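So the chains spell out like this:
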Amino acid sequence: MRPGTIKKLFNGYVQIYTGNGKGKTTAAVGLAVRAAGCGLRVFFGQFIKSLHSGELHFLQKLDGLVDVQQYGRGFIRGTPGAEDIDAALKGLSQAQAAVLSATYQVVILDEINVALTLGLLDLHEVVGMIQGRPQSVELVLTGRGAAQKVIELADLVTEFKEIKHYFTKGVTARQGIEY
């Protein structure tokens, strides 16, 4: 299949990447690259985050196959503000539209589990989106603390477990490695 040719999935599934370990977003980016390489259209919506990281710069170069959107002001410490909630609600609305659009075969919602945990989004709305997705759409939800109801609805759940991390030694996030 030549690049740019749109291919339909026979049957899409719901995947969750959760847990306290590093690599959830990286795994989702890898899936986006793989899907785009096979001619699938990808919607990559990032909740909470606002940093233009290396992976997002690369995905944006796949314009026409990968649509990247961010819905946040950055990591939230303490109580979320109205702007955080508004950004997440905008993201959910656009994610729902992407799932139902017939434009995208893969929809990745990075950090949506964290948005749910922080109360930025309503669990019932996210559950409704999962249950209402067309069978031809692969839906990927990432972030720590996936809700039990979301886990129950998923076809694949991967938990990233931290065993050892250099952050505990004071190493800060490094461009090209963590972002």
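Owing to the predicted nature of the structure, the values given are computational and were not obtained by experimental measurement.

### Section: the environment of K164
- Within the element layout of this structure, K164 appears in the segment after strand 6 (156-159).
- Given the relative accessible area of 72%, K164 is considered exposed.
- Each C-alpha atom, one on K164 and one on F10, is 39 Å from the other, the two residues being 154 residues apart in sequence.

### Section: the packing of aromatic side chains
- Counted by the stated rule, this structure contains four aromatic pairs.
- Between F47 and Y71, the aromatic rings sit 5.6 Å apart at their centres with planes inclined by 45°, giving tilted as the arrangement. Linking F47 in strand 2 (residues 42-47) with Y71 in strand 3 (residues 66-71), this pair joins segments that are 24 residues apart in sequence.
- Here the aromatic rings of Y166 and F167 are separated by 5.8 Å at their centres, their planes lie at 80°, and the arrangement is edge-to-face.
- The class for Y166 is partly exposed, based on a relative accessible area of 29%.
- A relative accessible area of 37% means that F167 is categorised as partly exposed.

### Regarding the environment of S93
- Along the chain, S93 falls in helix 3 (residues 82-100).
- For the pair S93 and G145, spaced 52 residues apart in the sequence, the C-alpha separation amounts to 22 Å.

### A few points about the environment of Q96
- Looking at the element boundaries, Q96 is found in helix 3.
- For Q96, a relative accessible area of 25% gives the class partly exposed.
- C-alpha of Q96 to C-alpha of M129: the two residues are 33 residues apart in sequence and 6.2 Å apart in space.
- Those residues in contact with Q96, other than ones at most four positions away along the chain, are E125 and M129.

### Brief notes about the nonpolar core
- F47, V107, L109, L121 and V126 are the most contacted members of the largest nonpolar core, which totals 30 residues.
- Those elements that place two or more of their residues in this core are strand 1 (14-18), strand 2, helix 3, strand 4 (106-110), helix 4 (112-117), helix 5 (123-132) and strand 5 (138-142).
- Sequence-distant contacts of L109, defined by excluding residues within four places in its chain, comprise F43, G45, F47, A95, M129, L139, V140, L141 and T142.
- A35, F44, V66 and F160 belong to the second-largest nonpolar core, a separate cluster that totals 19 residues.

### Here's the deal with the layout of surface pockets
- Volume-wise, the largest pocket comes out at about 1,000 Å³.
- Elements supplying a minimum of two residues to the lining of the largest pocket: helix 1 (24-37) and helix 2 (54-60).
- Its residues placed into classes, the lining of the largest pocket shows eleven nonpolar, 13 polar and nine charged.

### Some details on the pattern of salt bridges
- Summed over all chains, the structure comprises four salt bridges.
- Residue D110 pairs with K49 through a salt bridge whose shortest N-O separation is 3.3 Å. Here D110, found in strand 4, pairs with K49, found in the loop between strand 2 and helix 2; they are 61 residues apart in sequence, far enough to count as distant. Assigned by exposure class, D110 and K49 land together as buried.

### Re the sheet that holds strand 1
- Here six strands make up an open sheet; going across it, the order is 3-2-4-5-1-6 and the pairing parallel. Strand pairing shows two members of the sheet lacking a second neighbour, strand 3 and strand 6, which therefore form its edges. The sheet shows a mean angle of 10° between the axes of neighbouring strands, direction not considered.
- Direction of pairing for strand 2 relative to strand 3: parallel, over a ladder of six bridges. Bridging across to strand 3, F47 finds its partner in Y71.

Criteria and cut-off values
Residues numbered from 1 in each chain as written. Predicted model: local features only at pLDDT ≥ 70, side-chain atom pairs only at ≥ 80, totals over all residues. Heavy atoms only, no water. Helix = DSSP H or I, 4+ residues; strand = E, 2+ residues; numbered from the N terminus. Buried < 20%, exposed > 50% of the residue type's maximum accessible area, 1.4 Å probe, protein only. Phe/Tyr/Trp six-rings, centres within 6.5 Å; stacked < 30°, edge-to-face > 60°. Contact = heavy atoms within 4.5 Å. Core = buried A, V, L, I, M, F, W, Y, C linked by side-chain atoms within 4.5 Å. 1 Å grid on protein atoms, 1.4 Å probe; cavity = no way out; pocket = protein on both sides within 12 Å on 5 of 7 lines; lining within 4 Å. Points joined across faces, edges and corners; volume = space filled by probe spheres on them. Nonpolar A, V, L, I, M, F, W, Y, C, P; charged D, E, K, R; others polar. Salt bridge = Lys/Arg side-chain N within 4 Å of Asp/Glu carboxyl O. Pairing = 2+ DSSP bridges. Axes fitted to C-alpha atoms, helices over the stretch in contact; angles between N-to-C directions.

None of this, on its own, says anything about what the molecule does.
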